[in-house]
Amino acid sequence: SVDDATGAMVKAVERRAPNTLFVYLSDNGVMEGVHRLVNKNVPYRLAHEVPMYMRWDGVIEPGSVSERITATIDVTATIAEAAGVTWPMEGRSALSTPRTGVVLEAVRNGKRPAYCGWRSQNYLYVRYTAGAGRELYDYRVDPAELDNVAGKARYAGIEARLDRKTERNCQPFPPEFSWN
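Since this is a predicted model, take the numbers as computed values, not measurements.

(A) Structural context of the overall build of the protein chain. Counting its regular elements, the protein chain contains four helices and six strands. Mapped from its N terminus to its C terminus, the protein chain presents α and β elements in the order α-β-α-β-α-β-β-β-β-α. Sequence-distant contacts in the protein chain: of pairs separated by 6 or more residues, those separated by 24 or more amount to 47%. For the protein chain, the exposed surface amounts to about 11,200 Å²; the carbon and sulfur share of it is 53%. With 23 positive and 22 negative side-chain charges, the protein chain shows a separation of 4 Å between the mean positions of the two kinds.

Put into structure tokens, the structure is as follows:
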């Protein structure tokens, strides 16, 4: 039924406006036992990675795939670029402005403390409030986020770089979060 409804919408719009950008995405996922969690306000890939589908005939190649990292705030910037509108905003267009990563942040959630983090194509780094711990996952060797390599000598340089990037980009930081 979703395919039928989408097809009818595309058909109706195509008759009136052949230059239409369609953007499809959903809410972020709920952890269903992964990492022994059943919620969604966590930094892990399955809780925040959401596929985004775009169709723009004549501009986006049909069937093309991009592994580009985007954030929800990028949807507005993408639509604005497609419409030829400019104004100051935090988002970046998924059509033209690549990201090297995105900030992840959350307030305290039950027993899980507030955190700030940085997600890139290759790493997930999370710093919990007031010394409550850190996590670092190397997606090149651990896509399932099973081996926290934070504090391991081999990753010291990467961890320090991601910590600086997190501190620079996680502004303002979430309530109940402290860098100390």
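(B) Focus on the pairing of strand β6 (residues 134–138). Taken across its five residues, β6 has four buried, putting it largely inside the fold. The pairing of strand β5 (residues 123–128) with β6 spans five bridges and is classified as antiparallel. Paired with R127 across the two strands is R134, which belongs to β6. In textbook terms, the turn of a hairpin is the stretch between consecutive antiparallel strands, and for β5 and β6 this stretch comprises five residues, one of which, A130, has a positive phi near 45°.

(C) Quick look at the pairing of strand β4 (residues 115–120). When you tally the buried positions in β4, you get six out of six residues, the bulk of the element. Neither face of β4 is open: one carries Y115, G117 and R119, the other C116, W118 and S120, and all of them are buried. In this sheet, β4 lies alongside strand β3 (residues 101–106) in antiparallel orientation, the contact comprising six bridges. Residue pairing for β4: L104 is matched across the bridge by G117. Here β4 hands over to β5 after two residues, the two strands then running antiparallel side by side.

(D) Here's a closer look at the state of the cysteines. Per the stated rule, a full pass over the model turns up one disulfide. There is a disulfide in this structure between C116 and C170, and the S-S distance comes to 2.0 Å. On the sign convention where negative means left-handed, the S-S torsion of about -55° between C116 and C170 marks this disulfide as left-handed. Here C170 lies in the segment after α4 (156–169) and C116 lies in strand β4, a separation of 54 residues in the sequence. Each member of the pair C116 and C170 is classed as buried.

Rules of the game
- Residues numbered from 1 in each chain as written.
- Predicted model: local features only at pLDDT ≥ 70, side-chain atom pairs only at ≥ 80, totals over all residues.
- Heavy atoms only, no water.
- Helix = DSSP H or I, 4+ residues; strand = E, 2+ residues; numbered from the N terminus.
- Contact = heavy atoms within 4.5 Å.
- Areas by Shrake-Rupley, 256 points an atom, 1.4 Å probe, with all protein chains shown as cover.
- Lys, Arg positive; Asp, Glu negative; His and termini not counted.
- Charge placed at Lys NZ, Arg CZ, Asp CG, Glu CD.
- Buried < 20%, exposed > 50% of the residue type's maximum accessible area, 1.4 Å probe, protein only.
- Pairing = 2+ DSSP bridges.
- Disulfide = S-S within 2.5 Å.

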